Amino acid sequence: MEIRRLQTTRDGTFLLSLPKEWAKRFNLHKGSPIYVKERMDGCLVLDPKYGVEETPEVTLKPSKSLKDAILSSYLLGYGVITIEADGRLEEEDKAKVRQAASRLIGVEVIEEDQRRITLQCLLQATAIPPEKILRRQYILSRSLLKDSFKALLSPSPKMVEEVRDRDEEVDRLYFLMVRLLRSLILNPRLSEKLGISPIDCLDYRLAASLVERIADTSVELASLAYRSKTQGKIPPKLFSLLKETGERLSEAYEEALKALFTRDEKNFNSALKGVELAALTLEKLESEALRHRGSPPILYILLTLVRTLLDQIKDITDLAYPRPSTST
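These notes cover the structure that comes with them.

**Topic: the overall build of the chain**
Stage number 1. When you go through the chain residue by residue, the secondary structure sums to 10 helices and eight strands.
Stage number 2. For 328 residues, the compact-globule formula gives about 20 Å, and the C-alpha radius of gyration of the chain, at 26 Å, lies well above that figure.
Stage number 3. With respect to the three principal axes, the spread of C-alpha positions in the chain is 90 × 60 × 30 Å.
Stage number 4. Each of the 328 residues in the chain was classed as buried or not, and the buried ones make up 43%.
Stage number 5. Of the contacts formed within the chain by residues at least 6 apart in sequence, a portion of 70% connects residues at least 24 apart.

**Overview of the layout of surface pockets**
Stage number 1. Computed from the structure, the second largest pocket encloses a volume of approximately 310 Å³.
Stage number 2. In terms of lining residues, the second largest pocket is bounded by Arg4, Leu16, Ser17, Leu18, Pro19, Trp22, Ile34, Val36, Leu44 and Leu46.
Stage number 3. In terms of residue class, the lining of the second largest pocket is built from eight nonpolar, one polar and one charged.

**Looking at the packing of helix α9 (residues 265–291) against helix α10 (residues 297–319)**
Stage number 1. Relative orientation of the contacting elements α9 and α10 amounts to 165 degrees, with a least axis distance of 10 Å. As the angle between them shows, α9 and α10 are arranged roughly antiparallel. For α9 against α10, the interelement crossing comes out left-handed. Here α9 contributes Phe268, Ala271, Leu272, Val275, Ala278, Ala279, Leu282, Glu283, Leu285, Glu286 and Ala289 to the contact with α10, which in turn contributes Leu299, Tyr300, Leu303, Val306, Arg307, Leu310, Ile313, Lys314 and Thr317.

**Thoughts on the sheet that holds strand β6 (residues 80–84)**
Stage number 1. The strand order across the open sheet built from four strands is β5-β6-β8-β7, with neighbouring strands paired in mixed fashion. Every other strand in the sheet has two partners, leaving β5 (57–60) and β7 (107–112) as the edge strands with one partner each. Adjacent strand axes in the sheet meet at a mean angle of 20 degrees, parallel and antiparallel pairs treated alike.
Stage number 2. Bridging between β5 and β6 involves four bridges; their strand directions are parallel. Across the sheet, residue Leu60 finds its bridge partner in β6, namely Ile83.
Stage number 3. On the sheet, helix α3 (residues 91–102) packs against β6, β7 and β8 (116–121) and is oriented at approximately 5 degrees with respect to β8.

**A look at the pairing of β5**
Stage number 1. Because side chains alternate across β5, one face comprises the buried residues Val58 and Leu60, and the other comprises Glu57 and Thr59, none of which is buried.
Stage number 2. The β-α-β motif built from β5, the intervening helix α2 (residues 66–75) and the parallel element β6 has right-handed crossover chirality.

**What to know about the pattern of salt bridges**
Stage number 1. Scanning the model with the defined rule gives 19 salt bridges in all.
Stage number 2. Salt-bridge contacts for Lys314 lead to Asp318; the nearest nitrogen and oxygen are separated by 3.4 Å. Here Lys314 and its partner Asp318 are both found in helix α10, four residues apart, which amounts to about one turn of the helix.
Stage number 3. Relative accessible area serves as the criterion here: at 39%, Lys314 is assigned to the partly exposed category.
Stage number 4. Classification of Asp318 by relative accessible area gives partly exposed; the value is 40%.

Cut-offs used in this document
Residues numbered from 1 in each chain as written. Predicted model: local features only at pLDDT ≥ 70, side-chain atom pairs only at ≥ 80, totals over all residues. Heavy atoms only, no water. Helix = DSSP H or I, 4+ residues; strand = E, 2+ residues; numbered from the N terminus. Rg over C-alpha atoms; globule rule 2.2 N^0.38 Å. Buried < 20%, exposed > 50% of the residue type's maximum accessible area, 1.4 Å probe, protein only. Contact = heavy atoms within 4.5 Å. 1 Å grid on protein atoms, 1.4 Å probe; cavity = no way out; pocket = protein on both sides within 12 Å on 5 of 7 lines; lining within 4 Å. Points joined across faces, edges and corners; volume = space filled by probe spheres on them. Nonpolar A, V, L, I, M, F, W, Y, C, P; charged D, E, K, R; others polar. Axes fitted to C-alpha atoms, helices over the stretch in contact; angles between N-to-C directions. Parallel < 35°, antiparallel > 145°, perpendicular 65-115°, else oblique. Left-handed = near helix turned anticlockwise from the far one by under 90°. Pairing = 2+ DSSP bridges. Right-handed = clockwise from strand over helix to strand, strands pointing away. Salt bridge = Lys/Arg side-chain N within 4 Å of Asp/Glu carboxyl O.

Take a look at the structure:
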């Protein structure tokens, strides 16, 4: 870090010389445009490459963890991912590459030969705003939440399979969200285009993670209901309370996301009320379960998953706390 002093011209214009080595590194010369942006804290940011799109590339070697390596490269924002073998690329490795690519939105095979496969993310970072991704992710996960409780009433392999398929789509959206938010944090030019601050990125990241976990928990609930054949095993009154709890959770989830998107105090209070009502219904269900000594053990596992869903929705509600207005 170094300190440079301001100079002034006769007409009062302020001048500041830039480091020579910095200018050379970015191939700047007389007349080169430099983007100047004032941050919220008053600091000025000088950007010599504003408007220049970069496509970072990475080369991976075949390995047992190849699918994880491709996913990590995608999340880190690499635009081109090449898988290259020392000799011939095995069919097993090619299958891993295609399986990994199928889980990633916007990724396509653009080149392939005996030694290498090249993947490219064709989706621009600014193409889909984070809010739109989160909304779609929420819509899918809420349908999973509803169907998981339907599976308690009439468990079937078809319903469980449908739930798992939609969970895969939630995962794909979550991976896209993480990739986008990392790109926005590392590249202020992109966040400027979308008008998203670093604190917005943090909130979106936490919210997307919670939504993804709600989808995962819903899949666990539906799968457990089918494996254990809950229909006919749980007393009618408990089943009725389970159904009511599912409805309350779905309503609370909807209010929580509405409050998160609007940051409105009225919606936030509605979300708090929704969580409170869901908690009261769940407490009734748990109390009733304790009265039935003959209740199947599976019921208590289901109650644990339902409690987990409530906690996750409550976490989203906490995240939606209205931000204080800033005066300019």
